[in-house]
Amino acid sequence: MAEPKPRLYHALSSYYSMIARLALIEGGIAYEPVVVDIHLRMVQQRPDYVRLNPNMTVPTLVLPDRVLDQSRDIAEYALGVSEATIDGDTKAWLDLHYGYPIEELTFGGLLARNPLARIMIPRRLESIHRRLLERAAQTPDLAKIYEERAAVFAERVRAFDPAAVVQLAQKRRAEAIGFMDRLEQALHDGRGVIVPPAYGAADVVWTVFLARMEFVGLGAELQKRPALGRYWRAMQARPSFVPADIWTKVHVFRLIGGMLGIG
Ligand SMILES: N[C@@H](CCC(=O)N[C@@H](CS)C(=O)NCC(=O)O)C(=O)O
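Conventions and cut-offs
Residues numbered from 1 in each chain as written. Predicted model: local features only at pLDDT ≥ 70, side-chain atom pairs only at ≥ 80, totals over all residues. Helix = DSSP H or I, 4+ residues; strand = E, 2+ residues; numbered from the N terminus. Rg over C-alpha atoms; globule rule 2.2 N^0.38 Å. Buried ≥ 20, exposed ≤ 12 C-beta atoms within 10 Å, placed from the backbone. Contact = placed C-beta atoms within 7 Å. Near = placed C-beta within 6 Å. Nonpolar A, V, L, I, M, F, W, Y, C, P; charged D, E, K, R; others polar. Axes fitted to C-alpha atoms, helices over the stretch in contact; angles between N-to-C directions. Parallel < 35°, antiparallel > 145°, perpendicular 65-115°, else oblique. Pairing = 2+ DSSP bridges. Right-handed = clockwise from strand over helix to strand, strands pointing away. Left-handed = near helix turned anticlockwise from the far one by under 90°.

K.L.:
Is there a simple way to explain the overall build of the protein chain in this structure?
P.N.:
A count of helical and extended segments in the protein chain gives 12 helices and four strands. A compact globule built from 263 residues should have a C-alpha radius of gyration of about 18 Å, and the protein chain, at 19 Å, falls within 12% of that.

Structure (structure tokens):
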């Protein structure tokens, strides 16, 4: 009997889900997609999902013999490498990418620009924090995991404090531009991929990062760097880019459709 296809729990607009989708498609791995409403219904915090992925995040890849709950592991699996076998350059590019809190760029920028978001987002974070503590009380076997997650949201309330957010957004923007400089430096010898000779996990994560640069309005910075601009065009021209559904701008209606389960 054929093995069942791996099941990918993902969200349409989610940065780390895009990494998983792109990696699986580049790796030629057929998968069963399951869309998770992480915004409205917050399915990632329901006990049945938490038992699958205690981080309460997407993506999650369910394989016949194990569950991968980190996009980095999914990308490495999809491209046929592992932390043990990966080359040093790829590892360094992955470490650099995963050391950066991308949500602080995305949401920090939104909050810094939008006064309504400055009121709504902290309130929403507070309410999620409260709900996680309620879940902890209602679900004794998962209480510790819910409490840990609640602590993450308490930290987000602090990080996205309206008074601090403009500075945070500026800091994350400057760091993102620094990453584009490093990529430009690496790519300016004309290489077609970040770590020659072949396309790999570093290309997956940095392609999604460059898409996020466009998404947050840093596209002009990207285009200013000729080697990076060339690389970005080449990554978008790959057959994987469209099917992986890599967002370079906000698709309001698709976002709403996704939340309602019709996306
Ligand atoms: N380290 C995780 C991060 C995953 C992550 O933060 N996913 C976000 C979406 S891009 C999420 O699930 N957010 C929902 C939440 O925080 O409640 C990975 O690489 O898979």
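K.L.:
Where do I start with helix α3 (residues 71–78) in this structure?
P.N.:
Residues separated by three or four positions in an α-helix point in the same direction, a consequence of the helix having 3.6 residues per turn. With seven of eight residues buried, α3 lies mostly within the body of the structure. Where α3 is concerned, the buried positions are S71, R72, I74, A75, E76, Y77 and A78. Elements in contact with the buried residues of α3: α1 (15–26), β3 (60–62), β4 (67–68), α4 (88–98) and α9 (201–215). Two residues or fewer after α3 comes G80, characterised by a positive phi angle close to 75°.

K.L.:
Teacher, can you tell me more about unusual backbone geometry here?
P.N.:
Both trends apply: most residues other than glycine have a negative phi, and most peptide bonds are in trans. Residue P59 is bonded to the preceding V58 through a cis peptide linkage, with omega at 5°. As for its position among the elements, P59 is in the loop between α2 (47–52) and β3. Cis peptide bonds are those with omega within 30 degrees of zero, and the linkage from P196 to P197 qualifies with 15°. On the secondary structure map, P197 appears in the loop between α8 (162–187) and α9. Despite not being glycine, M56 shows a phi value in the positive range, around 60°. Residue placement: M56 occurs in the loop between α2 and β3. In the Ramachandran plot, D245 falls in the positive-phi region, its phi being about 55° despite a non-glycine side chain. Mapped onto the elements, D245 comes out in the loop between α11 (226–237) and α12 (252–259).

K.L.:
So what exactly am I meant to see when it comes to the site of the ligand here?
P.N.:
Lining the immediate environment of the ligand, one finds S14, Y15, Y16, I38, Q44, M56, T57, V58, P59, Q70, S71 and R72. Listed by contribution, the elements that provide at least two residues to the shell around the ligand are α1 and α3. Among the residues forming the shell around the ligand, the class breakdown is six nonpolar, five polar and one charged.

K.L.:
Can you walk me through the packing of α1 against α3 in this structure?
P.N.:
Geometrically, a packed helix pair is captured by the angle between its two axes and the distance between the axes. Viewed as axis vectors pointing N to C, α1 and α3 meet at an angle of 10°, and their least axial separation amounts to 8 Å. One way to sum up the angle between α1 and α3 is to call them roughly parallel. Mapping the contact onto sequence places Y16, I19, A20, A23, L24 and E26 in α1 and S71, I74, A75 and A78 in α3. Tallied by class, residues from the contact of α1 with α3 come to eight nonpolar, one polar and one charged.

K.L.:
Would you mind showing me how to read the pairing of strand β2 (residues 32–35) here?
P.N.:
Pairing between strand β1 (residues 7–10) and β2: four bridges, direction parallel. Bridging from a neighbouring strand, Y9 pairs with V34 of β2. Once the chain exits β1 it traverses α1 before rejoining the sheet at β2, and the crossover so formed is right-handed.

K.L.:
Please clarify how the sheet that holds β2 should be interpreted in this entry.
P.N.:
Strands pair in a sheet through their backbones, by hydrogen bonds, and they do so in one of two ways: parallel or antiparallel. The four strands are arranged β2-β1-β3-β4 in an open sheet whose pairing can be described as mixed. Both outer strands of the open sheet, β2 and β4, are each paired with one neighbouring strand and no more. In this structure, β1 lies alongside β3, joined through three bridges in antiparallel fashion. When the sheet's bridge partners are listed, L8 is paired in β3 with L61.

K.L.:
Got a minute to help me understand the packing of α1 against α9 in this structure?
P.N.:
Two numbers describe how α1 lies on α9: the axes approach to 9 Å, and their chain directions differ by 135°. Taken together, the axes of α1 and α9 lie oblique to each other. Both α1 and α9 take part in a crossing whose hand is right-handed. Mapping the contact onto sequence places Y15, M18, I19, L22, A23 and E26 in α1 and A201, V204, V205, T207, V208 and R212 in α9. Each residue belonging to the contact of α1 with α9 can be placed in one class, and the counts come to nine nonpolar, one polar and two charged.

Limitation: the analysis is restricted to geometry and does not speak to function.
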